There are 2 protein chains.
Amino acid sequence: MPSPTKSTPDRPAQRRQRLLHELKQKNVPAMLVTDVVNVTYLTGFSGDSSYLLLGKGVCLLISDARYTVQIEEECPGIDALIRKPNESLLKAVQQGVKQAKCNQIGFEAGTITYQHWQHLEATLDKIEWIPCDGLVETLRQVKDATEIAEIRLAVEQAERGFALIIAGLTGEMTELQVAHDLEHAMRRFGAAGVAFDPIVAVGARAALPHARPQSQCIADAPFTLIDWGARTVSGYRSDLTRLVITGKIPPKLAKVYRVVLNAQLAGIEAIRPGVRGADIDRIARSIIEKAGFGRQFGHSLGHGVGLHIHEAPRLSSTSNDELEPGMIVTVEPGIYLPGWGGVRIEDDILVTRDGCEVLTSVTKEWDEIQPK
Amino acid sequence: MPSPTKSTPDRPAQRRQRLLHELKQKNVPAMLVTDVVNVTYLTGFSGDSSYLLLGKGVCLLISDARYTVQIEEECPGIDALIRKPNESLLKAVQQGVKQAKCNQIGFEAGTITYQHWQHLEATLDKIEWIPCDGLVETLRQVKDATEIAEIRLAVEQAERGFALIIAGLTGEMTELQVAHDLEHAMRRFGAAGVAFDPIVAVGARAALPHARPQSQCIADAPFTLIDWGARTVSGYRSDLTRLVITGKIPPKLAKVYRVVLNAQLAGIEAIRPGVRGADIDRIARSIIEKAGFGRQFGHSLGHGVGLHIHEAPRLSSTSNDELEPGMIVTVEPGIYLPGWGGVRIEDDILVTRDGCEVLTSVTKEWDEIQPK
């Protein structure tokens, strides 16, 4: 499937230029990129089992014959080194490295297996291997126009899927059925699949921040928490959470909901370039603390979202990440009352030059989420 | 979700005993199991982000607080080392290793990252780390009764899902819609999801053994190849391929179909304990070669299936794997004619004490797959 947002200008080429610049700063002449998501980011290639060797005068995607045509289509300007059917990926890497003619190569120590590294070290014994973890991940924090468009698409797929599910929701449906129907619905609107396994948690089960959908029925409690997102064909993700109200709500829930919503709105309000992740977390968290629920908000406020569902920057009490235009983060405070239930509200926020833009639009107003 | 086939007797305990026996043979006192599927196999634990430390007098599942209750439920008789919220998994491994009191530890070099291995090596500098790749994978080749029941369930989920899709198939549906509907249908019958991304290939696209579903419509050609499987909640998989005939077939296809079916039946017929993978491959392949299509059958005949979709043993021209009772393999010859189409027929076969049992039952008879 061709990428729905084939990029002109050539975004992957721009990303590679930025990586080359970073490598030059570190005095590393070339890098072997083995993380599949980083390979996609730097090339536009949507397949797997392939490594990218990038350096001064070398840009080689090392792959196999299944992907020959796909690489031609998806990766203009990139040389492909297609290994023979009986040749291993590592053997092909050896060839590529010889072509690159350099004696130091950066690598991703956090994703390459010990076995692969050991094999490369043994067979390419003149090369000095230099850990370069986080280089590509740091570039990925700031999204370019193509990526922002992809995440907007992932938000749209998630929201249309959610609307379809809510329109058809009945009390007899189980958490698991809702989760499965939600994936099917998002695919109907073009998603490749879910961004992560959705959380559908009825009543007291909403007190578990990572509840897995089970056989609880929607009618078993007057509210259900849904945390979901879509993954586009190009691999970009969205991440939302809403409380779905299906019956008569205890007054306590209404109170908790207002506290979480106020905290979330204050967090979003604070987002602009130059602010640190810890500052945003503190602004939202202090509202929950003042309402007396500080101990019931046990996770961080938010995280970057892109090709991974959780990526830099972090919005947490210890995060020194500084916001920049083009970053996209979730803001998702929650209050969890064990045995009773929980509320979390989550949106995806784009940092703009002078503030931010909330990419998600499904309503979270208390009056508007009441059952009709 | 509790495992649907909670095992009495305690199968994971039996598997650990077998691994301890293998470790003793290799003179390795303990092993750190890091591969998520191997951890599941040896413990029954269905979560992730957890390592197993197993040795003489030590059986420690190193995990985090999300999984405390789940480990109690799923893993009777296993000690859990639950790390603190701010403690890394590797830090907890260090603690566990100290408890184990041994100076040599086996590890899985093919799945642990270089970074993790390096950290363990640096912080536990008195330990000698010994690569033990393939030990658990070799045990996993022979399925026990619980695993056979799980794969039967995965076959049933796949076949019921397929029947539902065929019953509702229309010419306007795209490959991608069929693939998505198939996953949704299998989940309706209890599957956790697909065993792998299904292949739905209309007409000429069936000539690509790894075709990805796209926007081609079922009505665009008189036949569609579907390669699919289900994954149970416990993680076991099935793997089938059928040709779906929707229109008037060219005589050439009928001929190719008969050749592939004869090759497949001969391959299945040859399956019994003691036979090597290469022998089965040769028996099936020679039928295709004699019919003049040898060069159009470019992949191996089959593979083991279980917690992974592709695992040992292999049925290929170079495989010395010897079949044993309890192994479950696919038999899937194919003939691919570029630009024209392809046929592949695939079933899952259990090796029994005196021969084999075909676990899959959806019809592949030429007369029975004609459109009604």
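Note that the structure is a prediction, hence the values are computed from the model and not measured. Sequence order as written defines the numbering, with residues in each chain counted from 1. For this description, chains carry letters from A and ligands carry numbers from 1, given in the order in which they are written. Local features are withheld for residues below a pLDDT of 70 in this predicted model, meaning they are given only at 70 or higher, and side-chain atom pairs are given and counted only at 80 or more; totals for whole chains, interfaces and linings count all residues.

Let's shift gears to the domain arrangement of chain A. Residue and element names in this part refer to chain A. As far as domains go, chain A holds domain 1 (11-139) and domain 2 (145-358). On a C-alpha basis, the centres of domain 1 and domain 2 stand 35 Å from each other. Two residues qualify as a contact pair if the distance between their C-beta atoms, derived from the backbone, is within 7 Å. Counting from both sides, the interface comprises 7 residues of domain 1 and, opposite them, 7 residues of domain 2. Counting residues per element, the side of domain 1 that touches domain 2 draws most heavily on helix H2 (residues 36-43), which supplies 3 residues. The nonpolar class holds Ala, Val, Leu, Ile, Met, Phe, Trp, Tyr, Cys and Pro. Asp, Glu, Lys and Arg form the charged class, and all remaining residues, Gly among them, are polar. A breakdown of the residues in the side of domain 1 that touches domain 2 according to their chemical character gives 2 nonpolar, 3 polar and 2 charged. Per the annotation, domain bounds derive from an automatic or database assignment of domains. The helix count covers DSSP runs of H or I at least four residues long, the strand count covers runs of E at least two residues long, and both are numbered beginning at the N terminus.

All names here are of chain A. Both faces of strand E16 (residues 341-344) are covered, namely the face carrying Gly 341 and Val 343 and the face carrying Gly 342 and Arg 344. Paired strands are those between which DSSP finds at least two bridges. One ladder, built from 4 bridges, connects strand E15 (residues 334-337) with E16; its direction is antiparallel. The partner of Leu 337 across the bridge, within E16, is Gly 341. Between the end of E15 and the start of E16, which pair antiparallel, lie 3 residues, with Gly 339 showing a positive phi angle near 80 degrees. Exposure in this text rests on C-beta crowding, where 20 or more other C-beta atoms within 10 Å of a residue's own make it buried, 12 or fewer make it exposed, and counts in between make it partly exposed. The C-beta atoms are placed from the backbone.

Our focus in this paragraph is the packing of helix H4 (residues 89-100) of chain A against helix H5 (residues 114-123) of chain A. Residues and elements named next belong to chain A. Between N-to-C directions, angles cover 0 to 180 degrees, with each direction set by a line fitted to C-alpha atoms, over the stretch in contact for helices. Between H4 and H5, the least distance of the axes is 10 Å, while the angle of their chain directions is 40 degrees. Relative to H5, the element H4 lies oblique. In the packing of H4 onto H5, the handedness of the crossing is right-handed. Contact with H4, carried on its side by Leu 90, Val 93 and Gln 94, involves His 116, His 119, Leu 120 and Thr 123 of H5 and no other residues of that element. Angles are sorted into four bins: roughly parallel if under 35 degrees, roughly antiparallel if over 145, roughly perpendicular if 65 to 115, and oblique for all others. Should the near helix be turned anticlockwise from the far one by less than a right angle, the crossing is left-handed, and should it be turned clockwise, the crossing is right-handed.

Below, the discussion takes up the relation of the copies chain A and chain B. Laying chain A over chain B is done by rotating through 180 degrees and shifting 0.0 Å along the axis; what remains is an RMSD of 0.0 Å. Such a turn and shift between the copies fits a two-fold axis. In this assembly the copies share their binding face: 100% of the residues contributing to the interface of chain A also contribute to that of chain B. To superpose the copies, least squares is applied to the C-alpha atoms of every residue with a pLDDT of at least 70 in both.

Residues and elements named next belong to chain A. At a minimum axis distance of 6 Å, the contact between helix H1 (residues 11-25) and H2 shows a crossing angle of 115 degrees. It follows that H1 is roughly perpendicular to H2 by the angle criterion. Contacts between H1 and H2 involve Pro 12, Arg 15, Arg 16 and Leu 19 from the first element and Tyr 41, Leu 42 and Thr 43 from the second. Residue composition of the contact of H1 with H2, grouped by class: 4 nonpolar, 1 polar and 2 charged.

Another aspect to go through is the nonpolar core. One finds Leu 53 of chain A together with Leu 53 of chain B to be the most contacted residues of the largest nonpolar core, which totals 203 residues. For Leu 53 of chain A, the contacting residues outside a window of four places in its chain are Ala 30, Leu 32, Val 58, Leu 60, Ile 62, Gly 96, Val 97 and Ala 100 of chain A. By our criterion, buried Ala, Val, Leu, Ile, Met, Phe, Trp, Tyr and Cys residues that link up through C-beta atoms within 7 Å make up a nonpolar core.

This brings us to the sheet that holds strand E8 (residues 199-202) of chain B. Residues and elements named next belong to chain B. Sheet architecture is open: 3 strands sit in the order E8-E9-E11, paired in antiparallel fashion. Sheet topology places E8 and strand E11 (240-245) at the edges, where each strand pairs with a single neighbour. Mean inter-strand twist for the sheet, computed between neighbouring axes without regard to direction, equals 15 degrees. Of the strand pairs in this sheet, E8 and strand E9 (residues 223-228) are connected by 4 bridges, and their pairing is antiparallel. Paired with Val 200 across the strands is Ile 226, a residue of E9. Running at roughly 150 degrees to E8, helix H8 (residues 175-188) makes contact with E8 and E9 of the sheet.

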